[in-house]
Amino acid sequence: MSPPPPAANKVLVVDDELSVRESVGYALEQEGFEVTLAADGEEAEGRISGDSFDLLILDIMMPGKSGLDICREVRAHSPVPIILLTAKDAEVDKVVGLEVGADDYVTKPFSVRELLGRVRAQLRRRELDRSSGAEGTAIEAGPVSIDLARHLVSIRGEPVNLTRSEFQVLRLLAENPGQVFSRKEIMEELWQTEFQGDVRACDVHISNLRQKVERDPQNPELVLTVRRVGYRFAEGFR
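What you see is a predicted model, and the numbers here were worked out from it, not measured in a lab.

Parameters at a glance
- The residue count restarts for each chain, going from 1 along the sequence in the order it is written.
- Note on the predicted model: pLDDT of at least 70 is required for a residue's local features to be given, and 80 or more for side-chain atom pairs to be given and counted; whole-chain, interface and lining totals, by contrast, use all residues.
- The side-chain quantities take in all heavy atoms of the structure and omit both hydrogens and water.
- Each residue carries a pLDDT score, the predictor's own confidence in it, on a scale running from 0 to 100.
- By the convention used here, residues are in contact when the closest approach between their heavy atoms is within 4.5 Å.
- The nonpolar core is taken to be a set of buried Ala, Val, Leu, Ile, Met, Phe, Trp, Tyr and Cys residues, with the residues joined through side-chain atoms within 4.5 Å.
- Three exposure classes are used, based on accessible area relative to the maximum for each residue type with a 1.4 Å probe and protein chains only: buried under 20%, partly exposed in between, and exposed over 50%.
- Helical segments are the DSSP runs of H or I of at least four residues, strand segments are the runs of E of at least two, and each set is numbered from the N terminus.
- Two N or O atoms form a polar contact when they lie within 3.5 Å of each other; inside protein one atom must be a possible hydrogen donor and the other a possible acceptor, and for residues adjacent in sequence the pair counts only when both atoms belong to side chains.
- Between the N-to-C directions of two axes lies an angle of 0 to 180 degrees, each axis being a line fitted to C-alpha atoms and, for a helix, fitted only over the stretch in contact.
- Here is the rule for angles: anything less than 35 degrees is roughly parallel, anything more than 145 is roughly antiparallel, 65 through 115 is roughly perpendicular, and the remaining ranges are oblique.
- For any helix crossing, the convention is left-handed if the near helix is rotated counterclockwise from the far helix by under a right angle, and right-handed if that rotation is clockwise.
- We call two strands paired when DSSP finds no fewer than two bridges between them.
- Arc, as used here, means the arc of the directions from the helix axis to the C-beta atoms.
- Here a salt bridge means any side-chain nitrogen of Lys or Arg lying within 4 Å of a carboxyl oxygen belonging to Asp or Glu.

Asker: What am I meant to see in the confidence of the model for the chain here?
Answerer: In regions of low pLDDT, the predicted coordinates are not meant to be interpreted in detail. The pLDDT averaged across the chain works out to 85; a share of 87% of its residues lies at or above 70. Contacts for the low-pLDDT stretch residues 1–5, under 50 throughout, to residues beyond four places or in other chains number 0 contacts.

Asker: Any chance you could explain the nonpolar core here in plain terms?
Answerer: Formed by 50 residues in total, the largest nonpolar core has its most connected members in Leu56, Ile82, Ile146 and Leu170. Ignoring any residue separated from it by four or fewer positions in sequence, one finds Leu170 in contact with Val144, Ile146, Val153, Leu162, Leu209, Val213 and Phe233. One finds Val13, Val20, Phe33 and Ile57 within the second-largest nonpolar core, a separate group that totals 18 residues.

Asker: What is the right way to look at the environment of Glu114 in this model?
Answerer: Turning to its location among the elements, Glu114 is positioned in helix α5 (residues 112–134). Reaching out from Glu114, the side chain makes a polar contact with the side chain of Arg118 at a distance of 3.0 Å.

Asker: For this particular structure, what's the right way to read the packing of helix α2 (residues 41–50) against helix α3 (residues 67–75)?
Answerer: Any two packed helices are characterised by how steeply their axes cross, that is the angle between the axes, and by the distance between the axes. Running from amino to carboxyl end, α2 crosses α3 at an angle of 25 degrees, the nearest separation of the two axes being 10 Å. Classified by the angle between their axes, α2 and α3 sit roughly parallel to one another. When you trace α2 past α3, the crossing you get is right-handed. Contacts from Gly41, Glu45 and Ile48 in α2 reach Ile70, Glu73 and Val74 in α3.

Asker: What exactly am I supposed to notice about the sheet that holds strand β2 (residues 34–38) here?
Answerer: Sheet strands associate in pairs through backbone hydrogen bonding, adopting either a parallel or an antiparallel arrangement. Pairing in this open sheet of 5 strands is parallel, and the strands run β2-β1-β3-β4-β5 from one edge to the other. Edge positions in the sheet fall to β2 and β5 (104–107), since each of these pairs with one other strand and no more. Put simply, the sheet's adjacent strands are angled 20 degrees from each other on average, direction ignored. Bridge count for strand β1 (residues 10–14) against β2 is 5 bridges, and the pairing is parallel. The residue bridging Leu12 from the neighbouring strand is Thr36, located in β2. Along the sheet face, helix α1 (residues 18–30) touches β1, β2, β3 (55–59) and β4 (82–86) and points at about 170 degrees away from the line of β2.

Asker: Quick question: what am I supposed to make of α2 here?
Answerer: Residues Gly41, Ala44 and Ile48 constitute the buried set of α2. Buried residues of α2, seen end-on, are gathered within an arc of 55 degrees and therefore sit on one face of the element. Along α2, exposed side chains directed more than 90 degrees from the buried face belong to Ser49 and Gly50. Those residues of α2 hidden inside the fold are in contact with β1, β2, β3 and α3. Where α2 starts, the residue carrying a side-chain oxygen 3.2 Å from the main-chain nitrogen of Glu42 turns out to be Asp40.

Asker: Sorry, what's going on with the pattern of salt bridges here?
Answerer: When their charged atoms lie close together, side chains carrying opposite charge are able to pair. Following the criterion strictly, the structure yields 18 salt bridges and no others. For Asp103, the salt bridge is made with Arg75, and the minimal N-O distance between the two is 3.1 Å. One end of the pair, Asp103, is in the loop between α4 (91–99) and β5; the other, Arg75, is in helix α3, and 28 residues separate them in sequence. Summarising the burial analysis for this pair, Asp103 and Arg75 share the class buried. One salt bridge connects Glu175 with Arg171, and the closest N-O pair in it is separated by 3.9 Å.

The following block contains the structure:
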């Protein structure tokens, strides 16, 4: 008797525009995802509290509770991947979205193919996180200790709460002290595929990470900038 097929990944799509909800939902279903739709933040809250999802797609600008509000609330208790849908000129919203724990964003108007690529990348990254964590290894880099199995980070013995993306950025850099990574390379590590988006998202992840791991984020000792190139983790700790 053959084993049952794997369960479809469950995706929640939240947008107050019916055309966006339906087009995104249809495209995801055609790719084999199990899709739930919500028209606003309040409906999304009910869906999230009553079900378990593998990924959330949240429009930022909605009447009532915004996508940022939902993202912030979900991230307080869950590492589920979150992709935000943002307006073309809403640069502040993109930055704030990453700050409150979103993993990625797509700018409207967008192609469905682009969004599907982002969805697949986030789910692929999650599976790789799980498989690597199962190995039970740890990374020790100066004052930084990273428990890969439990996704825990401590700095000088003090626990630090990182988002999934911040964790992956720190892991990449701390595994390779002194090695310089470009912004594109860092984003491709997060995506686990070729990155075609705005590499400035990397700077936001780095800034957020420094706020949590550095004694003085304005004068970093751990996550260092290499001008015109990218970032590296400091080496030579005693």
